[in-house]
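Fold and geometry: a report
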Amino acid sequence: MAASALFILDLKGKPLISRNYKGDVGPGEIEHFMGLMLQREEEGALAPLLPHGHVHFLWIKHSNLYLVATTKKNGNASLVYSFLYKVVEVFREYFKELEEESIRDNFVTVYELLDELMDFGFPQTTDSKILQEYITQEGTKLERGRCRVPSTVTSAVSWRSEGIRYKKNEVFIDVIEAVNLLVSASGAVLLSEVLGTIKLKVFLSGMPELRLGLNDRVLFELTGRGRTKSVELEDVKFHQCVRLSRFDSDRTISFIPPDGDFELMSYRLSSQVKPLIWVESVIEKFSHSRVEILVKAKGQFKKQSVANGVEIAVPVPSDADSPKFKTSAGSAKYVPERNLVLWTIKSFPGGREHLMRAHFGLPSVEKEEDEGRPPVAVRFEIPYFTVSGIQVRYMKIIEKSGYQALPWVRYITQSGDYQLRTS
């Protein structure tokens, strides 16, 4: 049992949508919930789970809405929250943006979706691609395709329809890693982690079984290959199509994929990461009338790779004016509403070093308090490169008709929350 009731509220606590699956939650429960919310907020003890009597309120906030699930059982809280976030994901697939206005404009569609998403308190069909096969939408109207429920809803493989055919069978694999980094002014790495995802775009006929092999350290140790060129994955999360029992037993990632785009898995690596783009920023004030900023950026990744779309955001005093720039590569512009200089370099090869000088005028009257300098933020994307060294060793495609299919693999490293302090 996931939940006995589901409510969608506006920020004032007024119910926009209510779905009572068990009929054991009265209309006054939401008033109790909002009262609890206000009380706990005043006490500074607001929590994602609020008990009141025999009822437990589990809630999340998205945009200007509260999504609240209630239960009187000792339910699985992680399942409830997973379901609430899945509801948000499905609604965004239908309405692009999930907010109060989109709920009011699409009451009929919302109720129909909730009927399919959960039945008698149990999650049912939560894959938006399958839902769109028989709940179609035009504006705020709802139509049912021939009033026929697809067989996928009742089959063991509820995320893939039968009878899919392609002239050319292909699988595109994207291994994307985002680097989160925080470096102190002295150059010490304070925080370092890699968040990775493996995304697939599948164009395969029939009902194929796929087997993906990675250079997983646990697998290499099980097969006696040692630790050479292997990666230890943490916090691995799979799409529902992956056979978890098979992965637990022999680390094989075996699955029947959904059609089209989907995220197969995500993972995290907490190992120390060397800053890929190193930035130094020196600021000098002259006679309280002008300021000069010298910024040096260096690509600390292999020379064969190139970082694309590099953006270096350098903070400047809030009272600066009359900007002048000189760069050895790319272009710089002043963004006064954000109090920073944005230095953009379209292509930044590894091992290269670039400079940017910025001159600003300052008011003649110096501020009484020195401003704290925010960190330098960096954005970039490096194709054909991963920080962790993860590799797709093989992709086997097994289908009873025996057709040949082509797997294509692409590696991308991106900046996540990437900041370097300067003071």
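Check the entry above for the structure.
What comes next concerns the included structure. All figures in this text were calculated on a predicted structure; none of them were measured in a lab.

Conventions used here
- Residues numbered from 1 in each chain as written.
- Predicted model: local features only at pLDDT ≥ 70, side-chain atom pairs only at ≥ 80, totals over all residues.
- Heavy atoms only, no water.
- Helix = DSSP H or I, 4+ residues; strand = E, 2+ residues; numbered from the N terminus.
- Buried < 20%, exposed > 50% of the residue type's maximum accessible area, 1.4 Å probe, protein only.
- Contact = heavy atoms within 4.5 Å.
- Areas by Shrake-Rupley, 256 points an atom, 1.4 Å probe, with all protein chains shown as cover.
- Phe/Tyr/Trp six-rings, centres within 6.5 Å; stacked < 30°, edge-to-face > 60°.
- Salt bridge = Lys/Arg side-chain N within 4 Å of Asp/Glu carboxyl O.
- Pairing = 2+ DSSP bridges.
- Axes fitted to C-alpha atoms, helices over the stretch in contact; angles between N-to-C directions.
- Expected span 1.5 Å × (residues − 1).
- Arc of directions from axis to C-beta.
- Core = buried A, V, L, I, M, F, W, Y, C linked by side-chain atoms within 4.5 Å.

**Some remarks on the overall build of the protein**
Of regular secondary structure, the protein possesses 7 helices and 25 strands. Every one of the 423 residues in the protein was classed for burial, and the buried ones make up 45%. Counted over contacts in the protein with a minimum sequence separation of 6, partners at least 24 positions apart contribute 69%. Element-wise, carbon and sulfur atoms account for 48% of the exposed surface of the protein, whose accessible area totals about 22400 Å².

**Remarks on the packing of aromatic side chains**
Under the defined criterion, the tally for this structure stands at 11 aromatic pairs. Look at Phe33 and Trp59: their rings are 6.5 Å apart centre to centre, the planes differ by 65°, and that puts the pair in the edge-to-face class. Taken as a pair, Phe33 in helix H1 (residues 29-43) and Trp59 in strand E4 (residues 55-62) lie far apart in primary sequence, 26 residues in all. A relative accessible area of 0% places Phe33 in the buried class. Trp59 gets classed as buried once you look at its relative accessible area, which sits at 12%.

**Examining the pattern of salt bridges**
Using the criterion set out here, one finds 14 salt bridges in the structure. A salt bridge links Lys296 to Glu280, with the nearest nitrogen and oxygen atoms 4.0 Å apart. Placement of the pair is Lys296 in strand E17 (residues 290-299) and Glu280 in strand E16 (residues 277-286), with a sequence separation of 16 residues. Taking relative accessible area as the criterion, Lys296 reaches 29% and is therefore assigned partly exposed. In this structure, Glu292 engages Arg357 in a salt bridge whose closest nitrogen and oxygen atoms are separated by 3.2 Å. Taken as a pair, Glu292 in strand E17 and Arg357 in strand E22 (residues 353-361) lie far apart in primary sequence, 65 residues in all. Accessibility expressed as a relative area gives 36% for Arg357, which makes it partly exposed. When salt bridges with common partners are traced through the structure, they connect Glu209, Arg211 and Arg243 into a single cluster.

**Some details on the pairing of strand E20 (residues 331-335)**
Two strands pair when backbone bridges link them, and E20 and strand E21 (residues 340-349) are joined in this way by 5 bridges, in the antiparallel orientation. Each bridged residue has a counterpart across the sheet, and for Tyr334 the counterpart in E21 is Val341. The turn joining E20 and E21, which pair antiparallel and follow one another in sequence, is formed by 4 residues; a positive phi near 55° is taken by Asn339.

**Observations regarding unusual backbone geometry**
Of note, the phi angle at Asp235 is positive, near 50°, even though the residue is not glycine. Examined against the element boundaries, Asp235 turns out to sit in strand E13 (residues 234-238). For Asp235, a relative accessible area of 51% corresponds to the exposed category.

**Details of the sheet that holds E16**
Spatial strand order, E16-E17-E22-E19: 4 strands in an open sheet with antiparallel pairing. The open sheet terminates on both sides in strands that have one partner only, identified here as E16 and strand E19 (321-327). Between one strand axis and the next, the sheet turns by 15° as a mean value, whatever way the strands run. As judged from the 10 bridges shared by E16 and E17, these two strands associate in the antiparallel manner.

**Let's talk about the side chain of Asp216**
Counting through the fold element by element, Asp216 comes out in the loop between strand E12 (209-214) and helix H6 (217-222). Dropping the residues within four chain positions of it, Asp216 is found in contact with Ser230, Val231 and Arg251.

**Some thoughts on the environment of Gly35**
Within the element layout of this structure, Gly35 appears in helix H1. Taking the C-alpha atoms as reference, Gly35 lies 9.4 Å from Gly13; in sequence the two are 22 residues apart.

**Thoughts on H1**
Between its terminal C-alpha atoms H1 stretches 21 Å, which fits the 21 Å expected from 15 residues at 1.5 Å a residue. Burial in H1 covers these residues: Glu29, Ile30, Phe33, Met34, Leu36 and Met37. Considered in projection along H1, the buried side chains sweep an arc of 160° and stay on one side of the axis. Exposed and oriented more than 90 degrees from the buried face of H1 are Glu31, Leu38, Glu42 and Glu43. Lining the buried residues of H1 we find strand E1 (5-10), strand E2 (15-20), strand E3 (49-52), E4 and strand E5 (65-71). At the C-terminal side of H1, Gly44 shows a positive phi close to 70°.

**Examining the nonpolar core**
Core analysis: the biggest nonpolar cluster contains 68 residues, and Leu200, Ile253, Phe255 and Leu264 have the highest contact counts within it. Top element by residues in this core is strand E10 (residues 170-183). It accounts for 6 residues. The contact partners of Phe255, leaving out residues within four places of it in the chain, are Leu200, Pro208, Glu209, Leu210, Leu212, Cys241, Val242, Arg243, Phe262, Leu264 and Met395. Ranked by size, the runner-up nonpolar core spans 32 residues in total, among them Ile8, Leu16, Tyr81 and Val90.

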